[in-house]
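# Coordinates in review
The lines below spell out each chain.
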Amino acid sequence: MNTNKKISSALISVFHKDGLEPIVKKLAEIGVTIYSTGGTEKFIADLGIKVIPVEEVTDYPSILGGRVKTLHPKVFGGILNRQNNESDVAEMKDFNIPQLDVVIVDLYPFEKTVASGASEQDIIEKIDIGGISLIRAAAKNFLDTMCVSSMEDYSEFLNIISENGGVISLENRKHFAAKAFNISSHYDSAIFNYFNKNNNISSLKISETNGKTLRYGENPHQKGFFFGDFDVMFDTLHGKELSYNNLLDVDAAINLMAEFTKDSPTFAILKHNNACGIAQRETVYQAYIDALAGDPVSAFGGILISNVEIDEAVSEEIHKLFCEVVIAPSYSEKALEILKGKKHRRILLQKKALLPKTTVRTCLNGVLVQDKDTKTDNLESLTNATNNKPNPNELDDLLFASKICKNTKSNTIVLVKNKQLCASGTGQTSRVDALNQAIVKANAFKFDLKGAVMASDAFFPFPDCVEIADNAGITAVIQPGGSIKDELSINYCNDNSMAMVFTGVRHFKH
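Residue positions are given per chain, counted from 1 along the sequence in the order it is written. For a predicted model such as this one, the threshold for reporting local features is a pLDDT of at least 70, and the threshold for listing and counting side-chain atom pairs is 80 or more; totals across whole chains, interfaces and linings nevertheless cover every residue. Think of the side-chain values as coming from all heavy atoms in the structure, minus any hydrogens and water.

Turning our eyes to something else, we now look at unusual backbone geometry. Following Ser410, the chain continues to Asn411 via a peptide bond in cis, the omega torsion being -15°. Looking at the element boundaries, Asn411 is found in the loop between helix 16 (392–406) and strand 19 (413–416). With a phi angle near 55°, Lys419 is a residue other than glycine that sits in the positive phi range. When you line up the elements, Lys419 lands in the loop between strand 19 and strand 20 (421–425). Exposure classes here rest on a 1.4 Å probe applied to the protein chains alone. A residue is buried below 20% of its type maximum, exposed above 50%, and partly exposed in between. With relative accessibility at 25%, the residue Lys419 sits in the partly exposed group. Strands here mean DSSP runs of E at least two residues long; helices mean DSSP runs of H or I at least four residues long; both are numbered from the N terminus.

What follows is about the sheet that holds strand 6 (residues 146–148). Read from one edge of the open sheet, five strands run 4-3-2-5-6, paired in parallel fashion. For this open sheet the edge positions go to strand 4 (52–53) and strand 6, each flanked by a neighbour on one side alone. Think of it this way: DSSP has to see at least two bridges between two strands before they count as a pair. Sheet analysis places strand 5 (residues 102–105) next to strand 6, joined by three bridges and oriented parallel. Bridge pairing links Val103 to Cys147 in strand 6.

Right, let's talk about the state of the cysteines for a bit. When two cysteine sulfur atoms lie within 2.5 Å, the pair is treated as a disulfide. All told, the structure shown has zero disulfides when counted by the stated rule. Counting only cysteine sulfurs, Cys465 is the nearest neighbor of Cys493, a cysteine outside any disulfide, at a range of 11 Å.

For any pair of aromatic rings, geometry is given as the distance between the ring centres together with the angle between the planes. Stacked, tilted and edge-to-face pairs are distinguished by plane angle, under 30 degrees for stacked and over 60 for edge-to-face with tilted covering the rest, among Phe, Tyr and Trp rings (Trp via its six-membered ring) whose centres lie within 6.5 Å. Across all of its chains, the model carries 10 aromatic pairs by this definition. Seen in terms of ring centroids, Phe110 and Tyr194 are 5.9 Å apart; in terms of plane orientation they differ by 85°. Their pairing is edge-to-face. One end of the pair, Phe110, is in helix 6 (residues 110–115); the other, Tyr194, is in helix 10 (residues 170–195), and 84 residues separate them in sequence. Taken as a pair, Phe110 and Tyr194 share a single burial class, namely buried. Ring pairing ties together the aromatic residues Phe110, Tyr187, Tyr194 and Phe195, which thus form one cluster. One Lys or Arg, Lys179, reaches over the ring of Phe176 and ends 5.7 Å from the middle of that ring. We count a charge as sitting over a ring when the NZ of a lysine or the CZ of an arginine lies within 6 Å of the ring centre and within 35 degrees of the ring normal. Its end group placed over the ring of Phe192, Lys205 keeps NZ or CZ at 4.8 Å from the ring centre.

Remember that the coordinates give geometry; whether it matters functionally is a separate question.
As structure tokens, then:
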């Protein structure tokens, strides 16, 4: 059976007219009969091309303020008929239904209307009925009908009909049908999520039409994909494509630095999703130097991020380090020139973009969804748990440490002094192990922990951690509190002149 079909008729009804003109002209050139509606019909007629109004086929005008235009058996019969089915062919003839070989239609911009903050009535009017029905019908009948469902596909469709004189293969029709169902399913998911924004219905609809195949996943033997609009968040100024692991690290870096957006120059270095160095200083140069000092070993091959512009001075220092990615809100011209000196170094310009409000991860044979941890501890949220109160410098360090702790894998302990990460214990099975790991690491890099502060992502069930911290020279502690044995840690701190504050908020991160 010959699966190639030469098109002879087309229905065109679109919201977006950009890129439509060359298609219309090509269809007219190869002798295709064009049917259309409303604004699209006028657009085609204004090009001087013959177009048949759908009303002439249906004997019905557009009604209900344009809500009903194409919903008619003579339209859908022309799309859904099976050309190799004798009964369908006979009914087409009996009811004088025109054959429609191509359907070019798009959908009202529902998501853009929601994002614009429009009224509910305006949003409801952007729920497409005729368009979505035409798309589903044409895609379902791909054996006989070609469905072009997005202006993003205009160029590909134009190339197909231009190169083959209007002959379209079954392979192309099926490919475009898949594209159409991608469009329709995404559209319906967006509408459902609008109506279910309070999560009254326990159903999860996630749809992302921007996808990219990565070289591999977490390891070379795993396939990997990224679904999202990376270009909304970043301009890629230099370097090769990001890997799966790079993307995870970039995500961790962005979430960490979001805690310091409006602060003094802050620089962080991350490795395997955790900060191995971070510091806040009067200049970005000094912030980087002190961040690097936190762990110059782990910094090798790390992800670097700044909350302010990267200038020439700091770029010269960065250039001495092998790093995978550099992220900043801006770069001086000279800094870019220096950083581009490494061929594969990725340089990202961070844009202002909203991050998701929920997190999603696979679990067993399903997924877990939760609100994102958007709580950042501040002075107003602190409760003094001990007789000894933190001094102003300690308070600054405690809040600085808390922000790092929130963005570090649990169980974690973070040690900070003078707004510089001295060390952290990350992803440990016990809080004592996390603290000991941090102390050993800080000592290895010659940090003097006398006067340093400690942050914990969860409460202390026993006083062992504050005792170990005290013996290491740490003078102030920030933790959620809430253990039935809080009093044991409080008593130790009171007996040894340590200050401890409670936040009332746990920051587990698994």
